[in-house]
Amino acid sequence: MALISLDNVSKIYPKGTRPALDDINLDIERGDFVFLVGASGSGKTTLLSLLLREEEATNGEIRVAGNDLRRITNRQVPQYRRSLGFVFQCIGMRLLRTVRTSRQLEAVLIFLCFFSSMFITNDVSLLTFVPFSMEVLTLAGREERAVPVVVFQTVAANLGSMATPIGNPQNLYLYAQSGRGLGDFLSLMLPYTLLSGLMLLLCLLPGRSAPLAGLAPGGAEPSLRRRRTGMYLLLFLASVSSVAKLLPVWLLTAAVVVCVLAADRRVLRRVDWSLLLTFAAFFVFIGNMGRVPAFRSLLEQAISGHELVTAVCASQVISNVPAALLLSGFTSEWDALIVGTNLGGLGTLIASMASLISYKFFVREHPQKRGAYLLFFTGANLLFLAVLLPAALLLG
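In short, a report on the structure. (Residues numbered from 1 in each chain as written. Predicted model: local features only at pLDDT ≥ 70, side-chain atom pairs only at ≥ 80, totals over all residues. Heavy atoms only, no water.)

**Overview of the pattern of salt bridges**
Right, so step 1: Going through the model one piece at a time under the given rule, you end up with ten salt bridges.
Right, so step 2: Between Arg 70 and Asp 68 there is a salt bridge, with the nearest N and O atoms lying 3.1 Å from each other.
Right, so step 3: Take Arg 70: its relative accessible area is 47%, and that puts it in the partly exposed class.
Right, so step 4: Owing to a relative accessible area of 7%, Asp 68 belongs among the buried residues under this scheme.
Right, so step 5: Residue Arg 71 is joined to Asp 68 by a salt bridge in which the shortest nitrogen-to-oxygen separation is 3.4 Å.
Right, so step 6: Exposure remark for Arg 71: the relative accessible area of 64% places this residue in the exposed category. (Salt bridge = Lys/Arg side-chain N within 4 Å of Asp/Glu carboxyl O. Buried < 20%, exposed > 50% of the residue type's maximum accessible area, 1.4 Å probe, protein only.)

**Focus on the packing of helix H8 (residues 182-203) against helix H15 (residues 334-343)**
Right, so step 1: Close contact between H8 and H15 brings their axes to 11 Å; oriented N to C, the two are set at 40°. Taken together, the axes of H8 and H15 lie oblique to each other. Considering the relative orientation of H8 and H15, their crossing is right-handed. Note on element contacts: H15 touches H8 through Asp 335, Ile 338, Val 339 and Asn 342, opposite Phe 185, Leu 188, Met 189 and Tyr 192.
Right, so step 2: Partitioned by chemical class, the residues of the contact of H8 with H15 number six nonpolar, one polar and one charged. (Axes fitted to C-alpha atoms, helices over the stretch in contact; angles between N-to-C directions. Helix = DSSP H or I, 4+ residues; strand = E, 2+ residues; numbered from the N terminus. Parallel < 35°, antiparallel > 145°, perpendicular 65-115°, else oblique. Left-handed = near helix turned anticlockwise from the far one by under 90°. Contact = heavy atoms within 4.5 Å. Nonpolar A, V, L, I, M, F, W, Y, C, P; charged D, E, K, R; others polar.)

**Regarding the pairing of strand S3 (residues 59-64)**
Right, so step 1: Sheet topology note: the strand S1 (residues 4-11)/S3 ladder contains five bridges and is antiparallel. Directly across from Asp 7, in S3, lies its bridge partner Glu 61.
Right, so step 2: Where S3 folds back on strand S4 (residues 67-68), the antiparallel hairpin that results is connected by two residues, among which Ala 65 adopts a positive phi of roughly 55°. (Pairing = 2+ DSSP bridges.)

**A short note on the packing of helix H6 (residues 146-160) against helix H16 (residues 353-365)**
Right, so step 1: Orientation of H6 relative to H16, taken along the N-to-C sense of each, is 160°, at an axis distance of 9 Å. Viewed along their axes, H6 and H16 adopt a mutual orientation that is roughly antiparallel. Both H6 and H16 take part in a crossing whose hand is right-handed. Residue-level inspection shows Ala 146, Val 147, Val 150, Thr 154 and Asn 158 of H6 in contact with H16, the latter providing Ala 354, Ser 355, Ser 358 and Phe 362.
Right, so step 2: Residue classes in the contact of H6 with H16 are distributed as five nonpolar, four polar and no charged.

**Comments concerning the side chain of Asn 381**
Right, so step 1: Here Asn 381 shows up in helix H17 (residues 370-395).
Right, so step 2: You can call Asn 381 buried: its relative accessible area is 0%.
Right, so step 3: Excluding residues that lie within four positions of it along the chain, Asn 381 makes contacts with Val 155, Gly 345, Leu 346 and Gly 347.

What follows is the structure in structure tokens.
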């Protein structure tokens, strides 16, 4: 039996000129990962409201985890909702009841990525907040602002992540290779982080800030599986302790393996093992190339004294994580390499692989705006790079 099943489901609102949903049939199996996309007014919100039992279907049958939603009484609804994880729209509604203007809303969405990426990485920040932001902009009736908001979220995540050793993969790798202390790393990246935050604030100033229409109270509170969430929070804190060299890596690895196998082994199916193997192979390749005297001598001469610019340029072509892996074997100028690979995430769409996450989410929702997105993305990235790279050369 499917985990979620809709059979001939229709929803007609009393004052609607057409059905919000018309004869929908859908089966979602356990373990499936599904994206629900569509234009504004296509019925996304209605469908989620039906699954959450905020609304009742006009016709048809809905089953969720064995529950026939037609037979659930109003008293049973809170217990049913506690069994679900339904977060984005509920949080979005709460956010829209808190902010007052479109500029405040955009600032919150952009700086959520900026600050969260320092701790959960730029990839995870964009995976979490780009879909959330597109949902919130739809709720607020501000879909026309999707291009600049998502682009600046991407820039914010890439730049915010450079502040800490755990913000992105190249930082984690170079931090371990360089042997720097945590305080030294934070002080190295602090000027660039502050300048990036200031630039993001300045980018919010142009244009008119419109008041947001008030939303009616209501909606369900998001529910989480507290034990599992608590487990992952503890593992995250243990990971931070390991990066700070307070906890041995082997002990952290053992704890992660035991906890995941015991409590959430299905998550292992979602790991991108091919990507991990690609990085492992790249480590092996770099190690082998570093033992070839002619190649080593050539690359050392090419980057000697130009580590920062070389890292930025290499990132535009092969992305900043591979650039960090490649160049780290041929220079000991760790400060320039750390700054260069972080600033190198600005520029082309592939300069930071995290940028592709935002792009894929955006074009799936707004395929007709692909060109506008790429144009705005390139312009914004070049603007930030034009300011931050000279600043790095002066500071370096």
